[in-house]
Amino acid sequence: MEIEITEEDLAVILNDVLDIHGYDFTSYARASLTRRINRLIMLDKFPSVAEFRYKIRSDEFYLKRFVEEITVNVTEMFRDPQFYKVLREEVIPTIATKPFIRIWHAGCASGEEVYSMAILMHQANLLHKTLIYATDINPDVIDTAQRGIYPSAILPLSQENYLQTGGHGDLNGYYTAKYDHIIFNEELRKKIIFATHNLVSDSSFNEFQLILCRNVLIYFDKNLQNKVFHLFDQSLEDLGYLALGAKETLKFSGISSKYRQLGKERIWSKIK
Amino acid sequence: MEQNKITEVKSKLVIIGGSAGSLEVLLQILPHLHVDVPPIVVILHRRTDSESPLIDVLEMRTKLRVKEVEEKEPVKQGWIYVAPANYHVLFEHDQTFALDDSEKVNHSRPSIDVGFQSAAEVYRDGVTGILLSGANADGTEGFRKIQEHGGVTIAQNPETAEISYMPAQAIHHHTADRVADAEGIVAIINSL
Ligand SMILES: C[S@@+](CC[C@H](N)C(=O)[O-])C[C@H]1O[C@@H](n2cnc3c(N)ncnc32)[C@H](O)[C@@H]1O
């Protein structure tokens, strides 16, 4: 019989993680978090919730695994190609006039979307004056993103998505293939700064023309979503853009009156 | 006293899973459903590039209102909710929806097992799970969770299913309480 943690178990675990390790997951949406923890308990074959809890309290290394495993790090290149098409055709031409362009990917996971963005900027002849900040709470995925090395198996889907964004030719020129891996070119990598950043507890660190935070807010409760929206608002220049995931919206947030949505896309521009 | 009774009434939920060949059955079922049936959640495996036409197709066949699930929205009577492509559908204890883009389960996202299990944890014995035509074993494990929490599970009669594998798997693993054709499924939902 698999272990299913109760609401009380969850509250206790989250409090321990906060008190002892300073990671605050208490404002994450419960259903998904519960599922992730049940999954971790099963994967690591804990005989009981009590033993899981003990491990978390007492083992700093295990806590690292906890953070890596309960965050959902699924991503792909040019995910939702239509979204990238709008970036390419509408957003990038608007920010192109700036002397210097700063872009922030908050919750970038293993970085595929960051390299996708760098490729678009390169194709718009803007990469030389662009700096992309790529952050995530999970140090492990930031490490992967920073290396820029991915299994070649990601190529077919990446290429297919890329074409659907209105891209021409293929992605060959942007990476070197070795055995069953690819590594993205230095030309792209040197324009990206990778760092851990926790949207729950870390503050604004710069002003950007474009912030992308896709498929991260669905894991937060409403209050935390709102708090993070304010963080983004502080970090966006006037007329800057905020891009969310396919199922996320700014509509019901405290900052919505200051933003205008780009048609039906999950992209908003800051109008005041 | 009277007030107390009303608040004690258990929330009910109908959750329907289907894969290849299930849309046709669904379209046979929907026109006959009464407007006072419990909230209905539909989890269909579909190609990822299809957008909302599914909503339009369903809407034309029912007196109930149809929409795609949005995260954090309350689950309400009078509605048929459709799982969006590429996200698992979960339920919070306050009976609102949650979406999750974690790994595929049974090669599927949305996964029927994931939706069924979460529904069972929140709605407990208020859940009626229905598994339609399909070529995948998704749903069998979720049926088991629904049963464990006291809910009811109904597999489409494999003989009437375009692709019998999915309901047949549930029957084979003894996780289907009942077997019914489209007409039977209509009668069961309308009686809830
Ligand atoms: C599903 S991935 C999204 C990846 C990418 N943006 C996309 O849409 O494909 C969600 C990411 O959010 C990160 N995340 C979760 N909580 C976070 C937090 N508090 N601060 C920063 N990142 C967080 C996770 O580690 C994970 O990598």
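With an unreviewed UniProt entry as reference, chain B is termed protein-glutamate methylesterase, source organism Taibaiella soli. In its Catalytic activity (unreviewed entry) section, UniProt records this for chain B: "[protein]-L-glutamate 5-O-methyl ester + H2O = L-glutamyl-[protein] + methanol + H(+)".

Going by an unreviewed UniProt entry, chain A carries the name Protein-glutamate O-methyltransferase CheR and comes from Taibaiella soli.

Undergrad: So what's going on with the interface of chain A and chain B? Which residues, and what values?
TA: Facing the 24 residues of chain A at the interface are 27 residues of chain B. Roughly 2,100 Å² of surface becomes buried between chain A and chain B when both sides are summed, with 42% attributable to carbon and sulfur atoms. When residues of chain A are sorted by the area they lose upon contact with chain B, Glu4, Arg35 and Lys247 of chain A head the list and together hold 29% of the total. Counting every contact that joins chain A to chain B gives seven salt bridges.

Undergrad: Tell me about unusual backbone geometry, and name the residues and values.
TA: Cis geometry marks the peptide bond from Arg109 of chain B to Pro110 of chain B; its omega dihedral reads 10°. You can see Pro110 of chain B is positioned in the loop between strand E6 (97-100) and helix H4 (112-123). Phi is positive for Asp80 of chain A, which is not a glycine, with a value near 60°. Secondary-structure assignment places Asp80 of chain A in the loop between helix H4 (60-70) and helix H5 (81-95).

Undergrad: How would you summarise the site of the ligand if you had to cite specific residues and measurements?
TA: Inspection of the region around the ligand gives 22 residues, with Tyr28, Asn73, Thr75, Arg79 and Asp136 of chain A positioned closest. Nearby residues around the ligand are contributed by chains A and B. Contact between the ligand and Asn198 of chain A: a nitrogen atom at 2.9 Å from a side-chain N or O atom of the residue. One of the backbone N or O atoms of Arg214 of chain A is found 2.9 Å from a nitrogen atom in the ligand. Taking 600 Å² as the accessible area of the ligand by itself, protein coverage stands at 99%.

Undergrad: Any chance you could break down the pattern of salt bridges for me, citing the residues and the numbers?
TA: Scanning all chains against the criterion turns up 27 salt bridges over all chains. Among the salt bridges present, the one from Asp101 of chain B reaches Arg79 of chain A, with a minimum N-O distance of 2.6 Å. Of this pair, Asp101 of chain B sits in the loop between E6 and H4 while Arg79 of chain A is found in the loop between H4 and H5, placing the two residues in two different chains. Summarising the burial analysis for this pair, Asp101 of chain B and Arg79 of chain A share the class buried. Note that Lys247 of chain A and Glu68 of chain B form a salt bridge whose closest N and O atoms lie 2.4 Å from each other. With Lys247 of chain A in the loop between strand E8 (236-244) and strand E9 (259-261) and Glu68 of chain B in strand E3 (residues 65-68), this pair bridges two chains. Residues Lys247 of chain A and Glu68 of chain B agree in their burial class; the two are buried. Bridged by salt links that share partners, the residues Glu2 and Glu4 of chain A together with Glu141, Arg144, Lys145 and Glu148 of chain B form one connected network.

Undergrad: Can you explain the environment of Leu18 of chain A? Please cite residues and give values.
TA: Here Leu18 of chain A shows up in helix H1 (residues 7-21). If we skip the residues at most four places from it in the chain, Leu18 of chain A touches Tyr23, Asp24 and Thr26 of chain A.

Undergrad: How would you summarise the sheet that holds strand E5 (residues 181-184) of chain A if you had to cite specific residues and measurements?
TA: Residue and element names in this part refer to chain A. As summarised here, the arrangement of the three strands in space is E3-E5-E4, forming an open sheet in which the pairing is antiparallel. Strands with a single pairing partner mark the edges of an open sheet, and in this sheet they are strand E3 (149-151) and strand E4 (175-178). The mean inter-strand angle of the sheet, taken between neighbouring strand axes irrespective of direction, is 25°. Both E4 and E5 contribute to a ladder of four bridges, which runs antiparallel. Paired with Tyr175 across the two strands is Phe184, which belongs to E5.

Undergrad: Can you lay out the sheet that holds strand E1 (residues 13-18) of chain B for me, pointing to particular residues and giving the numbers?
TA: Backbone hydrogen bonds hold the strands of a sheet together, and the pairing may be parallel or antiparallel. All names here are of chain B. As summarised here, the arrangement of the seven strands in space is E3-E4-E2-E1-E7-E8-E9, forming an open sheet in which the pairing is parallel. Here the strands that pair on one side only, and so sit at the sheet edges, are E3 and strand E9 (178-180). Each adjacent strand pair in this sheet contributes to an overall mean axis angle of 20°, direction not counted. The pairing of strand E8 (residues 152-156) with E9 spans three bridges and is classified as parallel. Among the inter-strand pairings, Ile154 is bridged to a residue of E9, identified as Arg178. Most of the contacts of helix H2 (residues 22-29) go to strand E2 (residues 40-44), to which it runs at about 160°, and overall it touches E1, E2 and E8.

Undergrad: Got a sec to walk through the side chain of Asp113 of chain B? Specific residues and values, please.
TA: Residues and elements named next belong to chain B. Summarising the element assignment, Asp113 is placed in helix H4. Buried within the structure, Asp113 lacks any salt-bridge partner; Arg144 is the closest side chain of opposite charge, at an N-O distance of 8.7 Å. In this structure, Asp113 is in contact with Asn106, Asp138, Gly139, Thr140, Glu141 and Gly142, ignoring residues within four places of it in sequence.

Undergrad: Could you give an account of the UniProt feature "active site" (unreviewed entry) in chain B, naming the residues involved and the relevant values?
TA: All names here are of chain B. UniProt records the feature "active site" (unreviewed entry) for Ser19, His45 and Asp138 in the present numbering. Taking the farthest pair of C-alpha atoms as the criterion, the annotated set spanning 120 residues converges on one region, since that pair is 9.7 Å apart. Secondary-structure assignment places Ser19 in the loop between E1 and H2. With near-sequence residues (within four places) excluded, Ser19 lies in contact with His45, Ser133, Gly134, Ala135 and Met166. At 2.8 Å, the side chain of Ser19 forms a polar contact with the side chain of His45. As for its position among the elements, His45 is in the loop between E2 and helix H3 (53-59).

Undergrad: Report on the nonpolar core, specifying residues and quantitative values.
TA: With 76 residues, the main nonpolar core has Phe25, Ile37, Phe52, Phe66 and Leu199 of chain A together with Ile15 and Phe91 of chain B as its most contacted residues. Looking at this core element by element, the count peaks at six residues for H4 of chain B. A domain split of this core shows at least three residues from each of domain 1 (7-70) and domain 2 (81-270) of chain A. Leu199 of chain A has contacts with Trp104, Ala106, Cys213, Val216, Phe220, Val228, Leu231 and Phe232 of chain A, leaving out every residue within four places of it along the chain. One finds Phe78, Ile92, Ile119 and Ala243 of chain A within the second-largest nonpolar core, a separate group that totals 43 residues.

Parameters at a glance
Residues numbered from 1 in each chain as written. Chains lettered and ligands numbered in written order. Predicted model: local features only at pLDDT ≥ 70, side-chain atom pairs only at ≥ 80, totals over all residues. Heavy atoms only, no water. UniProt positions renumbered as here; feature names shortened; annotations may be inferred. Contact = heavy atoms within 4.5 Å. Buried area = accessible area lost by both parts, 1.4 Å probe. Salt bridge = Lys/Arg side-chain N within 4 Å of Asp/Glu carboxyl O. Helix = DSSP H or I, 4+ residues; strand = E, 2+ residues; numbered from the N terminus. Near = heavy atom within 4 Å. Polar contact = N/O pair within 3.5 Å; in protein donor to acceptor, adjacent residues only side chain to side chain. Areas by Shrake-Rupley, 256 points an atom, 1.4 Å probe, with all protein chains shown as cover. Buried < 20%, exposed > 50% of the residue type's maximum accessible area, 1.4 Å probe, protein only. Pairing = 2+ DSSP bridges. Axes fitted to C-alpha atoms, helices over the stretch in contact; angles between N-to-C directions. Lys, Arg positive; Asp, Glu negative; His and termini not counted. Core = buried A, V, L, I, M, F, W, Y, C linked by side-chain atoms within 4.5 Å. Domains from an automatic or database assignment.

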